[in-house]
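# Remarks on the overall topology
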Amino acid sequence: MISFNISGQSEMIGFCNITIPETLMWVDALDEWNITIDGALLSVQERTVEYNGTHYSIYFTSETSTVTIQVISKYVIPEFRSFIILPLFMIATLLT
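Below you will find a few notes about this structure. A quick note: this is a predicted structure, and the numbers were derived from the prediction, not measured.

This part takes up the sheet that holds strand β4 (residues 34–37). Reading across from one edge, β1-β8-β4-β5 is the order of the four strands in this open sheet, with antiparallel pairing throughout. Only two strands of the sheet have a single neighbouring strand rather than two, namely β1 (2–6) and β5 (40–41).

Looking now at the sheet that holds strand β6 (residues 47–51). The strand order across the open sheet built from three strands is β2-β7-β6, with neighbouring strands paired in antiparallel fashion. Either end of the sheet is taken by a strand with one partner, and the two such strands are β2 (13–21) and β6. For this sheet, the mean inter-axis angle between neighbouring strands, taken without regard to orientation, is 15°. Where β6 meets strand β7 (residues 55–63), five bridges bridge the pair, whose relative direction is antiparallel.

Alignment of β2 against β7, held across nine bridges, turns out to be antiparallel. Bridge pairing in β7 places asparagine 17 opposite tyrosine 59. As consecutive antiparallel partners, β6 and β7 are separated by three residues, and within that stretch glycine 53 has a phi angle of approximately 105°, a positive value.

Another aspect to go through is the pattern of salt bridges. Evaluation of the coordinates by the stated rule reveals one salt bridge. Here lysine 74 ties to aspartate 28 by a salt bridge, and the two come within 3.5 Å at their closest N and O atoms. Pair noted here: lysine 74 is in the loop between β8 (67–72) and β9 (75–76) and aspartate 28 is in the loop between β3 (25–26) and β4, with a separation of 46 residues, a long-range link. The exposure classification of lysine 74 matches that of aspartate 28, with both residues exposed.

Among the nonpolar cores identified, the biggest contains 16 residues, and Ile18, Trp33, Ile35, Ile58, Phe60, Ile69 and Val71 are the most heavily contacted of them. Those elements giving two or more residues to this core turn out to be β2, β4, β7 and β8. The residues touching tryptophan 33, leaving out its near neighbours within four places in the chain, are Ile20, Met25, Trp26, Val27, Arg47, Val49, Tyr56, Ile58, Val71, Ile72 and Ser73.

A separate point is a nonpolar patch on the surface. Together, Leu24, Val76 and Ile77 line one region of the surface with nonpolar side chains, adding up to about 210 Å² of accessible area. Of note, valine 76 is situated in strand β9. When its relative accessible area of 36% is taken as the criterion, valine 76 is described as partly exposed.

Rules of the game
Residues numbered from 1 in each chain as written. Predicted model: local features only at pLDDT ≥ 70, side-chain atom pairs only at ≥ 80, totals over all residues. Heavy atoms only, no water. Pairing = 2+ DSSP bridges. Helix = DSSP H or I, 4+ residues; strand = E, 2+ residues; numbered from the N terminus. Axes fitted to C-alpha atoms, helices over the stretch in contact; angles between N-to-C directions. Salt bridge = Lys/Arg side-chain N within 4 Å of Asp/Glu carboxyl O. Buried < 20%, exposed > 50% of the residue type's maximum accessible area, 1.4 Å probe, protein only. Core = buried A, V, L, I, M, F, W, Y, C linked by side-chain atoms within 4.5 Å. Contact = heavy atoms within 4.5 Å. Patch = residues over 30% accessible without salt bridge, like charges linked within 9 Å, V, L, I, M, F, W, Y side chains within 5 Å. Areas by Shrake-Rupley, 256 points an atom, 1.4 Å probe, with all protein chains shown as cover.

Listed below in structure tokens is the structure:
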């Protein structure tokens, strides 16, 4: 999941374009992206998703008062677990 806030003048409609590299997040089909605005899920008709072979571009409109956008996909690169860092430093120290 990627989450961020946008803000602008209230009661205005704004356009949002999000470009996400496939190496960060990906889906099996373009309609599998879940986009929420302040917790409300956008329908497939309310957004446009394009794929150019390396990046996904997601377009939608929303009111530009302060809102929270969440982009959720089925697949995301895993985070590096913090419990692995200490043994790696210990091994590196022993090798030197």
